[in-house]
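# Observations on the model geometry
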Amino acid sequence: MYLSLVFAIILSLLLALVEGAAMGAARLQAELAADLGLDSVFAEYHRELFKQYGLLFIDDSYGTGKGSVSKIEEHLADYMSYNLNPKKGLLIAPGSNWVSLENVYLEIEEAAFATDNKGEVWKAQAIEYMKSRYGLDIIKTVQEQLQIIEKEQLLSGNMEEKLAKYKAEFEDTLETEAIEETDKKTQEGFSYDSMIDFFDSFAGKGILYLTVSNQGSISNAVMRREEYIGHREQAGNINKGSGLPEYVEKPDSLIDELLFQEFLMEKYGCYTKEKKESLLKYQIEYILYGRDNDISNLRECAEHLFLLRSASNYLYLTTQDAVKLNEVRAAATAICSLLCLPELIEALTQMILVIWSMAEAIQDVKTLFEGGKVSLIKTRAEWKLGLSGIFGGGGKQNNQGTNPTQLSGISYEGYLRILLAVMLNRNDKALRSMDIAEMDIRQTKGNESFRLDQCVDYLKVSFGFTGDRGQTYVFTRTMRYE
């Protein structure tokens, strides 16, 4: 009797353990089926997007142009059906499945699209891509350049306004003193008229006209703005998802911004490095200025480079090269003495410095467009124009100068990095980069209807399974490209 009771207790325990093991095995199989299904879905990343940009996203239209997360659900359910039933689709069964499960519930609760929060998801993955490849050392040089620009305020001044102020002061005095003959030359051949004539020779012509020798080589490509994500986002005509999950840090620090711009410089084309088979050829310039054609974007870029280089050259003349500064003061003194207006020496000195800085800046931008390099703050060896060129010499080359392409300095692409770094509207930067991505992908076969607001980076999915004895298993899984 005693042994029967003990045996019954032990048997009950064994049966409970077997039942628990069976339920555990069933739950484990359910979770494995879900995990393997998600792995399979995330393996279906858009190949062309990865090829061109190195980023991983699921195109929920699967190449049809009409996307929906329900299509991802369908793919996920199909993959799980093979995991739950190994015999499916096979003529010869590989063996028996001791755990019988059925997926009765499947719902994607959250999906993050590349375009969520004005491209925050797109930007975050691009930053993670750059960190994994290069770390943070890649942005050190740009940070140093930005410190110089901020310290010297190279982008805050307007050289043309400075010139207009001194020019008005000088010419008002000429008129007051009834001095009409201003073309009298000093012993050195300097005159006020020759200086102004030199300025007028390049003022108003347009910086792009003066800096690109072969105007016919400039791309005339035009985009249809309404077809791309920036316009659709503004119109509210995009798919909206859950955005970045809470556990992912938002890409809004200065370091993140600099890493994102390095991604842009690596993956996008520009005037000196056109991307093959792209629609707009000057892509970084489009990201900066957002015009719908290459010519307008390049023109604005040339003008901003000219302003930056003018300010930098003025800084050099006034603080770095005492010889040139004394040369300018001597010329201004000689002209004012000839005109009997010694009180205007300082105003004329500033005018000459500004005009010389601007004329030199035109040469700098031309050098950059031709593939050369120009230091942020130039040295005497890099200076191109002599002062005699400002006074009727036609912009003669400085004999002390050397070929700037053979000197250390910053290339055109390096200056684009600077302009991207000081771009105030970060949302525009992300949205325009996605415009370009859509343009480029649509140039490839089978992707004519590609849309980034159909591209998924993160999923949160709820699963429900039932066993052959009515037991249920309900759980949630999340997955993201990392």
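Heads up: these notes are all about the structure in this document.

Another aspect to go through is the overall build of the protein. What the protein contains, in helices and strands, is 16 helices and 4 strands. A fraction of 75% describes how many contacts in the protein between residues 6 or more apart in sequence connect residues 24 or more apart. As displayed, the protein offers around 23400 Å² of accessible surface, 51% of which is attributable to carbon and sulfur atoms.

Moving on to the pattern of salt bridges. Side-chain pairs of opposite charge can arise whenever the charged atoms involved come near each other. In total, this model carries 31 salt bridges according to the counting rule given. Its salt-bridge partner being Glu438, residue Arg232 comes within 2.9 Å of it at the nearest N-O pair. Of this pair, Arg232 sits in helix H9 (residues 229-234) while Glu438 is found in helix H16 (residues 426-442), placing the two residues 206 residues apart along the sequence. On the accessibility criterion, Arg232 (6% relative accessible area) is buried. You can call Glu438 buried: its relative accessible area is 0%.

Burial within strand E3 (residues 455-467) is extensive, with 11 of its 13 residues counted as buried. By the bridge criterion, 11 bridges tie strand E2 (residues 101-113) to E3 in an arrangement that is antiparallel. Its bridge partner being in E3, Asn103 is matched across the sheet by Phe465. Two elements, E3 and strand E4 (residues 472-480), share 9 bridges in a ladder whose sense is antiparallel. Counterpart to Val461 in the pairing with E4 is Arg477. If you look at the hairpin formed by E3 and E4, you'll find 4 residues sitting between the two strands, and Gly470 has a positive phi there, around 90 degrees.

This structure, assessed with the given rule, holds 21 aromatic pairs. Measuring from centroid to centroid gives 5.1 Å for Tyr271 and Phe369, while their planes differ by 65 degrees, and the two rings are edge-to-face. Of this pair, Tyr271 sits in the loop between helix H10 (254-267) and helix H11 (283-289) while Phe369 sits in helix H14 (residues 345-369), placing them 98 residues apart in sequence. Classification of Phe369 by relative accessible area gives buried; the value is 7%. Ring geometry for Phe463 versus Phe465: centroids 6.3 Å apart, planes at 20 degrees, classification stacked. Residue classification places Phe463 among the buried positions, given a relative accessible area of 0%. Judged by relative accessible area, Phe465 falls into the buried class, the value being 1%.

Relative orientation of the contacting elements helix H7 (residues 192-202) and H14 amounts to 35 degrees, with a least axis distance of 11 Å. The two elements H7 and H14 meet at a crossing, and its hand is left-handed. Across from Tyr192, Met195, Ile196, Phe198, Phe199 and Phe202 in H7, the residues of H14 making contact are Leu348, Met351, Ile352, Ile355, Met358, Ala359 and Ile362. Looking at the contact of H7 with H14 residue by residue, the classes come out as 13 nonpolar, no polar and no charged.

The rules behind these values
- Residues numbered from 1 in each chain as written.
- Predicted model: local features only at pLDDT ≥ 70, side-chain atom pairs only at ≥ 80, totals over all residues.
- Heavy atoms only, no water.
- Helix = DSSP H or I, 4+ residues; strand = E, 2+ residues; numbered from the N terminus.
- Contact = heavy atoms within 4.5 Å.
- Areas by Shrake-Rupley, 256 points an atom, 1.4 Å probe, with all protein chains shown as cover.
- Salt bridge = Lys/Arg side-chain N within 4 Å of Asp/Glu carboxyl O.
- Buried < 20%, exposed > 50% of the residue type's maximum accessible area, 1.4 Å probe, protein only.
- Pairing = 2+ DSSP bridges.
- Phe/Tyr/Trp six-rings, centres within 6.5 Å; stacked < 30°, edge-to-face > 60°.
- Axes fitted to C-alpha atoms, helices over the stretch in contact; angles between N-to-C directions.
- Left-handed = near helix turned anticlockwise from the far one by under 90°.
- Nonpolar A, V, L, I, M, F, W, Y, C, P; charged D, E, K, R; others polar.

Shape descriptors only; they carry no functional weight alone.
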